[in-house]
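A closer look at the structure
The chain contents come next:
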Amino acid sequence: MSPASLIRSAALLVAASFVVQLDALMFHLTPNQRKCLKEEIHKDVLVTGEYTLSESPGQSANLKVTDSKGHVLYNKDDAVKGKFAFTTEEYDMFEICFESHLPAGSGHGGDREVSLTMKRGVEAKNYADIAKAEKLKPMEVELKKLEDLSESVVNDFAYMRAREEEMRDTNESTHSRVLYFSIFSMCCLLGLATWQVLYLRRYFKAKKLIE
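These lines cover the structure that appears in this document, whether it is placed above or below.

Quick notes on the rules
- Note that residues are indexed from 1 along each chain, following the sequence as it is written.
- Only residues with pLDDT of 70 or above have their local features reported here, since the model is predicted, and side-chain atom pairs are shown and tallied only from 80 upward, although totals for entire chains, interfaces and linings are computed over all residues.
- Values shown for side chains rest on all heavy atoms present in the structure; no hydrogens or waters enter the calculation.
- Counting from the N terminus, the helices are DSSP H or I runs at least four residues long and the strands are E runs at least two residues long.
- A helix is expected to span 1.5 Å multiplied by its residue count minus one.
- In this analysis, the protein atoms alone were mapped onto a 1 Å grid. Cavities are point sets where a 1.4 Å probe fits without being able to get out; pockets are open sets with protein on both sides within 12 Å along at least five of seven lines; lining residues have an atom within 4 Å of a point.
- Grid points are joined across faces, edges and corners, and a volume is the space filled by probe spheres set on the points.
- Gly counts as polar in this scheme, as do all residues outside two lists: the nonpolar Ala, Val, Leu, Ile, Met, Phe, Trp, Tyr, Cys and Pro, and the charged Asp, Glu, Lys and Arg.
- Working definition: a disulfide is two cysteine sulfur atoms within 2.5 Å of each other.
- The buried label goes to any residue with under 20% of its type's maximum accessible area, the exposed label to any with over 50%, and the partly exposed label to all in between, with areas taken from a 1.4 Å probe on protein chains only.
- A side-chain nitrogen of Lys or Arg and a carboxyl oxygen of Asp or Glu constitute a salt bridge if their distance falls within 4 Å.
- Here the rule is simple: two strands pair whenever DSSP picks up at least two bridges between them.
- Patches here: salt-bridge-free residues with over 30% relative accessible area, like charges joined within 9 Å, nonpolar side chains (Val, Leu, Ile, Met, Phe, Trp, Tyr) joined within 5 Å.
- Surface accessibility follows the Shrake-Rupley procedure with a 1.4 Å probe radius. Residue values consider only the protein chains on display as shielding.
- Here the positive residues are Lys and Arg and the negative ones are Asp and Glu; neither His nor the chain ends is included.
- All charge positions are set by atom: Lys at NZ, Arg at CZ, Asp at CG, Glu at CD.

**So, helix α3 (residues 138-206)**
Taking 1.5 Å as the rise per residue, α3 with 69 residues should run 102 Å; its terminal C-alpha atoms sit 101 Å apart, in good agreement. Directly after α3, the chain includes Lys208, whose backbone phi takes a positive value near 60°.

**A few points about the layout of surface pockets**
The calculated volume of the largest pocket comes to roughly 590 Å³. Taken together, 21 residues make up the lining of the largest pocket; nearest its centre are His42, Lys43, Asp44, Val45 and Asp156. For the lining of the largest pocket, the elements supplying multiple residues, two or more each, are β2 (34-41) and α3. Tallying contributions element by element places α3 first for the lining of the largest pocket, with six residues. Here the lining of the largest pocket is built from residues that sort into seven nonpolar, five polar and nine charged. One number sums up the size of the second largest pocket: a volume of about 230 Å³. Forming the walls of the second largest pocket are Thr48, Gly49, Glu50, Lys83, Phe84, Thr117, Lys119, Glu123, Ala124, Lys125 and Asn126.

**Quick word on the state of the cysteines**
Applying the stated criterion to the full structure yields one disulfide. A sulfur-sulfur separation of 2.0 Å characterises the disulfide bridge that pairs Cys36 with Cys97. Across the S-S bond of Cys36 and Cys97 the torsion is about 110°, and the bridge reads as right-handed. Placement of the pair is Cys36 in strand β2 and Cys97 in strand β7 (residues 92-101), with a sequence separation of 61 residues. When its relative accessible area of 31% is taken as the criterion, Cys36 is described as partly exposed. Counting only cysteine sulfurs, Cys188 is the nearest neighbor of Cys187, a cysteine outside any disulfide, at a range of 7.0 Å.

**What to know about the pattern of salt bridges**
Using the criterion set out here, one finds four salt bridges in the structure. The salt bridge involving Glu39 is made with Arg120; its shortest N-O contact spans 3.3 Å. Within this pair, whereas Glu39 is found in strand β2, its partner Arg120 is found in strand β8 (residues 112-120), the two being separated by 81 residues in sequence. Relative accessible area serves as the criterion here: at 22%, Glu39 is assigned to the partly exposed category. Arg120 gets classed as buried once you look at its relative accessible area, which sits at 4%.

**Observations concerning the pairing of β8**
Where burial is concerned, the two faces of β8 differ: the one with Arg112, Val114, Leu116, Met118 and Arg120 is buried and the one with Glu113, Ser115, Thr117 and Lys119 is not. Two strands pair when backbone bridges link them, and strand β3 (residues 46-53) and β8 are joined in this way by seven bridges, in the antiparallel orientation. For Leu53, the partnering residue across the bridge sits in β8 and is Val114.

**Considerations on a negative patch on the surface**
A grouping of Glu164, Glu165, Glu166, Asp169 and Glu172 is seen on the molecular surface, where their side chains present a negatively charged patch. Note on placement: Asp169 falls in helix α3.

As structure tokens, this is what we get:
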């Protein structure tokens, strides 16, 4: 590979580091408690998650992944350890909820330790399986990964540009409305002032205070 190609590849990897996201969280879940995590994710993004809950006698826990419209993307009763995956159909807010249950009369249960690892975008793809399925050589796998990374970078820049245009349109629309409202308010004040002058003039004439 030529030096120029190496430089371009390194630049793509650096840029993609801002796109590829991986979250590893650990928290405690007390009995009969519900904890949720929310996150906004772009359209057409692969999301994978792997979770582990520590054992606690008499307790059970449910895991549910939903979007802002209430659609259930993943649901697991008595969750202990597992994985989930889904692809977003549109830009939306997604919620991941763990809920612990302790039956009445079971005494005071201990906290359960929850470990959650989430991957999004290129990081969520399993390139080993892709290489086997498409019979790709190691170099071809790396090129495939770079291609996906560059596509993610382009999509993110396109999204940011669209958001910028949307915000600019909103600002321009707000500015126009404020301007029109100011002109309307000024006209109302001028009309009210004119009416007051005419009313007072008629009043004073009626009282014969002025001619």
